[in-house]
Amino acid sequence: MNILVIHGPNLNLLGRREPDHYGILTLDMINALLQEAAQKARIAISFYQSNAEGELVDAVQKAIGVFDGIVINPGAYTHTSIALRDAILAAGIPVVEVHLSNIYCREDFRQHSYISGVALGVISGFREQSYLLGLQALIAHADRKPG
Ligand code: DQA
């Protein structure tokens, strides 16, 4: 099993960015936790971060035929990007949407996601654990699938 983790805009600033919402871990620290969990589960994992919407769309397209699942934190594009939603739909790869903060406890504009409707599921509000739970959910989904 080969998993891609995609981090959207401003997540490269984790550690110093609004720690009350996003915690104190850097992106590298979160990726290291995911790497460790993947190793334990004996699966391959890769990481990608971009601040640009088109580059995130490209990453989803390039995942076709390469990755079996995607854990994505689309950052602010969660609330704006029909292009990212369409890419996920077109790719047909199982996607789990994750958020560090609980977007449903925050401003009104964060409470709508264009991605949720095309994701397997959403995990929001558990800081770095959201990513680890997202990875676990993808593995469980793959184990459930016949073939
Ligand atoms: C976020 C929530 C988004 O609303 C915000 O724009 C982010 C981070 C989260 O992980 O909680 O950049 O996706």
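Scroll up to find the structure.
It should be emphasised that the depicted structure is a prediction, and the values quoted were computed from it without experimental measurement.

Q: Which residues make up the overall build of the protein chain, and what are the values?
A: Helix and strand counts for the protein chain stand at 5 helices and 5 strands. The order of α-helices and β-strands along the protein chain, N terminus first, is β-α-α-β-α-β-α-β-β-α. The C-alpha radius of gyration of the protein chain comes to 14 Å, within 12% of the 15 Å expected for a compact globule of 147 residues. Dimensions along the principal axes, computed over C-alpha positions, put the protein chain at roughly 40 × 30 × 25 Å. Within the span of the protein chain, comprising 147 residues, buried residues form 46% of the whole. Sequence separation of at least 24 residues holds for 77% of the intrachain contacts in the protein chain that already meet a minimum separation of 6.

Q: I'd like a description of the side chain of His141, backed by residues and values.
A: Locating His141 in the fold gives a position in helix H5 (residues 128-144). Taking relative accessible area as the criterion, His141 reaches 16% and is therefore assigned buried. Among all residues touching His141, those that are not within four sequence positions of it are Pro94 and Leu120.

Q: Describe the pattern of salt bridges, and please don't skip the residues or the numbers.
A: Where side chains of opposite charge bring their charged atoms close, a pairing between them can arise. Using the criterion set out here, one finds 4 salt bridges in the structure. The salt bridge partner of Glu18 is Arg17, with a shortest N-O separation of 3.9 Å. Judged by its relative accessible area of 40%, Glu18 is partly exposed. Across the salt bridge formed by Arg110 and Glu107, the nearest N and O atoms sit 2.8 Å from each other. A relative accessible area of 15% means that Arg110 is categorised as buried. Look at Glu107 and you get partly exposed, because its relative accessible area is 34%.

Q: Give a description of helix H2 (residues 27-41) that names residues and reports values.
A: Taking 1.5 Å per residue as the helical rise, H2 with its 15 residues ought to reach 21 Å, and the 21 Å between its terminal C-alpha atoms agrees with that figure. By the burial criterion, the buried members of H2 are Leu27, Ile30, Asn31, Leu34 and Ala38. Seen end-on, H2 carries its buried residues on one side only, within an arc spanning 95 degrees. Exposed residues pointing more than 90 degrees away from the buried face of H2 are listed as Asp28, Gln39 and Lys40. Taken together, the buried residues of H2 touch strand S1 (2-7), strand S2 (44-49) and H5. The positive-phi residue at the C-terminal boundary of H2 is Arg42, with phi of around 60 degrees.

Q: I'd love a proper account of the pairing of strand S3 (residues 69-73), names of residues and values included.
A: A large share of S3 lies buried, amounting to 5 of its 5 residues. Side chains of S3 alternate between two faces, with Gly69, Val71 and Asn73 and Ile70 and Ile72 buried alike. Relative to S3, S1 runs parallel, the two sharing 5 bridges. Along S3, the bridge assignment pairs Leu4 with Ile70.

The rules we used
Residues numbered from 1 in each chain as written. Predicted model: local features only at pLDDT ≥ 70, side-chain atom pairs only at ≥ 80, totals over all residues. Heavy atoms only, no water. Helix = DSSP H or I, 4+ residues; strand = E, 2+ residues; numbered from the N terminus. Rg over C-alpha atoms; globule rule 2.2 N^0.38 Å. Buried < 20%, exposed > 50% of the residue type's maximum accessible area, 1.4 Å probe, protein only. Contact = heavy atoms within 4.5 Å. Salt bridge = Lys/Arg side-chain N within 4 Å of Asp/Glu carboxyl O. Expected span 1.5 Å × (residues − 1). Arc of directions from axis to C-beta. Pairing = 2+ DSSP bridges.

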